[in-house]
Amino acid sequence: MRHTYHDVEFCATRVALGMLAGKWKPILFFHLFAGPRRFTELWRDIPRVSKKVLLEQLRQLEAAGLVERTVHNGFPPEVSYQLSAKGAELGPILHRLDQWAVKHIEGVVQIS
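- The protein goes by Helix-turn-helix transcriptional regulator in an unreviewed UniProt entry, where it is assigned to Hymenobacter cellulosivorans.

Following this line, the structure appears as structure tokens:
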């Protein structure tokens, strides 16, 4: 059965944007495109995000298969995150979306 865009629950674009939606997820992608990062590095590099919210956003990205979590042995144990192959495929798409936003953001959002 072929779905149309009138089938709200099956709209692929809506589902994809839902996976990426969140105040901190685009910023997380920006940092993770550079390579694997420890949780503490991400928390330090993203001002104003609480540890709880950061962990929640990372877990959502992990559940969507866009981010992989690795626990490193040691004391205390270190946790790092990196983009999965599926998450890395978003690089050119998010870069293009960023270019579009920069071009059209004037008059929509005031940047300080």
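From this point, things continue past the structure.
Some points on the overall build of the protein
Here is step 1: Along the protein, the regular secondary structure elements total 6 helices and 3 strands.
Here is step 2: Counting helices and strands in the order they occur from the N terminus, the protein gives α-α-β-α-α-β-β-α-α.
Here is step 3: Looking at the protein residue by residue over its 112 residues, the buried ones come to 27%.
Here is step 4: When contacts within the protein are restricted to residue pairs at least 6 apart in sequence, those whose partners lie at least 24 apart make up 43%.
Here is step 5: When the accessible surface of the protein is summed, it comes to about 8500 Å², and 60% of that surface belongs to carbon and sulfur atoms.

Regarding the packing of aromatic side chains
Here is step 1: A full pass over the atoms with the stated rule returns 1 aromatic pair.
Here is step 2: A centroid spacing of 5.8 Å and a plane angle of 40° characterise the contact between Phe29 and Phe33, whose relative ring orientation is tilted.
Here is step 3: Residue Phe33 is classed as partly exposed on the basis of its relative accessible area of 35%.
Here is step 4: Sitting over the ring of Trp43, Lys51 keeps its end group 4.5 Å from the ring centre.

Examining the sheet that holds strand S1 (residues 37–38)
Here is step 1: Ordered by their spatial adjacency, 3 strands build an open sheet running S1-S3-S2, and the pairing between neighbours is antiparallel. The open sheet terminates on both sides in strands that have one partner only, identified here as S1 and strand S2 (67–72).
Here is step 2: Pairing analysis gives 2 bridges linking S1 to strand S3 (residues 78–83), with the strands arranged antiparallel. If you follow Arg37 over to S3, its bridge partner there is Tyr81.
Here is step 3: Contacts between helix H2 (residues 25–32) and the sheet are confined to S1, S2 and S3, with S3 contributing the most and set at about 95° to the helix.

How each quantity is defined
- Residues numbered from 1 in each chain as written.
- Predicted model: local features only at pLDDT ≥ 70, side-chain atom pairs only at ≥ 80, totals over all residues.
- Heavy atoms only, no water.
- Helix = DSSP H or I, 4+ residues; strand = E, 2+ residues; numbered from the N terminus.
- Buried < 20%, exposed > 50% of the residue type's maximum accessible area, 1.4 Å probe, protein only.
- Contact = heavy atoms within 4.5 Å.
- Areas by Shrake-Rupley, 256 points an atom, 1.4 Å probe, with all protein chains shown as cover.
- Phe/Tyr/Trp six-rings, centres within 6.5 Å; stacked < 30°, edge-to-face > 60°.
- Lys NZ or Arg CZ within 6 Å of the ring centre and 35° of its normal.
- Pairing = 2+ DSSP bridges.
- Axes fitted to C-alpha atoms, helices over the stretch in contact; angles between N-to-C directions.

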